[in-house]
Amino acid sequence: MTLHVIAEIGINHDGSFEIAKQLIAAAKEAGADSVKLQKRLPKVSVPKAMWDIQKETPWGDVESYLAYKEHMELSPRQCGDLWRYAKSIGIPLFWSVWDLPSVDEVLCFEAPYIKIPSAKATDQILLQYVKEQHGKTRIIVSTGMCTMEEVEEIVAYLYDENPIIMACTSTYPSPKEELNLRTVRTYKAMWPDLDIGWSGHEVGLATTVATVAMGATFIERHITLDRSRKGTDHAASVEPNGFRRLIDDARAVDAAMGDGVKRVMPGERAPMLKLRGI
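What comes next is a walk through the structure.

So, how was this worked out
- Residues numbered from 1 in each chain as written.
- Predicted model: local features only at pLDDT ≥ 70, side-chain atom pairs only at ≥ 80, totals over all residues.
- Heavy atoms only, no water.
- Helix = DSSP H or I, 4+ residues; strand = E, 2+ residues; numbered from the N terminus.
- Polar contact = N/O pair within 3.5 Å; in protein donor to acceptor, adjacent residues only side chain to side chain.
- Contact = heavy atoms within 4.5 Å.
- Buried < 20%, exposed > 50% of the residue type's maximum accessible area, 1.4 Å probe, protein only.
- Core = buried A, V, L, I, M, F, W, Y, C linked by side-chain atoms within 4.5 Å.

### Describing the side chain of Ser 237
Next, step 1: Mapped onto the secondary structure, Ser 237 falls in the loop between strand S10 (218–222) and helix H10 (240–256).
Next, step 2: In terms of polar contacts, Ser 237 uses its side chain to reach the side chain of Asn 12, at 2.9 Å.
Next, step 3: Excluding residues within four positions of it along the chain, Ser 237 makes contact with Asn 12, His 222, Ile 223, Thr 224 and Arg 227.

### What about unusual backbone geometry?
Next, step 1: Here the residue pair Tyr 172 and Pro 173 is connected by a cis peptide bond, since its omega of -5° sits within 30 degrees of zero.
Next, step 2: Here Pro 173 lies in the loop between strand S8 (164–168) and helix H8 (183–190).
Next, step 3: One non-glycine residue, Met 145, lies in positive phi territory at about 70°.
Next, step 4: One can find Met 145 in the loop between strand S7 (138–142) and helix H7 (148–158).
Next, step 5: Phi is positive for Asn 162, close to 55°, though the residue is something other than glycine.
Next, step 6: With respect to the secondary-structure elements, Asn 162 resides in the loop between H7 and S8.

### Side note on helix H9 (residues 206–213)
Next, step 1: Where H9 is concerned, the buried positions are Thr 207, Thr 208, Val 209, Thr 211 and Val 212.
Next, step 2: The inward-facing, buried residues of H9 abut H8, strand S9 (195–200), S10 and H10.
Next, step 3: Gly 215 sits one or two residues past H9 and shows a positive phi near 110°.

### Digging into the nonpolar core
Next, step 1: Within the largest apolar cluster, 62 residues are counted, with the highest numbers of intra-cluster contacts made by Leu 93 and Phe 243.
Next, step 2: When residues in this core are grouped by element, the largest group, eight residues, is from helix H1 (residues 17–30).
Next, step 3: Residues in contact with Phe 243, not counting those within four places in the same chain, are Val 5, Ile 6, Ala 7, Ala 30, Ala 32, Arg 221, His 222, Ile 223 and Val 238.
Next, step 4: Ile 6, Ala 111, Ile 140 and Ile 164 belong to the second-largest nonpolar core, a separate cluster that totals eight residues.

Right, here's the structure in full:
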């Protein structure tokens, strides 16, 4: 399969419809194949123990964690408007889902994928609901924070749905010594018939590009307009110009991989005749 690059907006819109729209446009301009947001109903998906914890917000005040999460959510109408905007400029938009109501909401759109994030990858109820409801929408699962045994259980449960399994380290940003990029190879060896990808939260581009050489057919990185903004994900994200470089480098590696069969290439024939006197 040709390499597929996902530009993950996530919550980098900071609750702003206009910023979300700008990020969709930036993803398209950079050359991404698809763009992704997150969808959750905070009172369902946020653990109650977290509700009253005070949180400094990207817009400069302090409020409860639940209120912060609610302010970060885009409305169903805004999601519909963003989906139509993305369609109008020629880039598919899809969502990560954190709870059952969100699954129902995003499956109303003709999105090519639905993603289960690392934090919910072991949620059996959510996995079952997505499996039952996804229809022709393809399932992506990130496996950060999972043990190998948990990943094997997830893949076994979803295998007949042809899922895309993303290797991932869920720290923001991820230190390089914790990336464990070879997990991509491990997954490829275990499930050669499935698409295996990399969902990265590291700083820099080279490590993500390296996963293409290891067999990743999907790569995902967060996109932001400004890495210096306050918020969970901005520091682990890539600005538009960097995202364009990431895509160019990843596609160059993908094109250069070949099939691994050693032979004389067409471009070598003339030099061979000249230099070997054949």
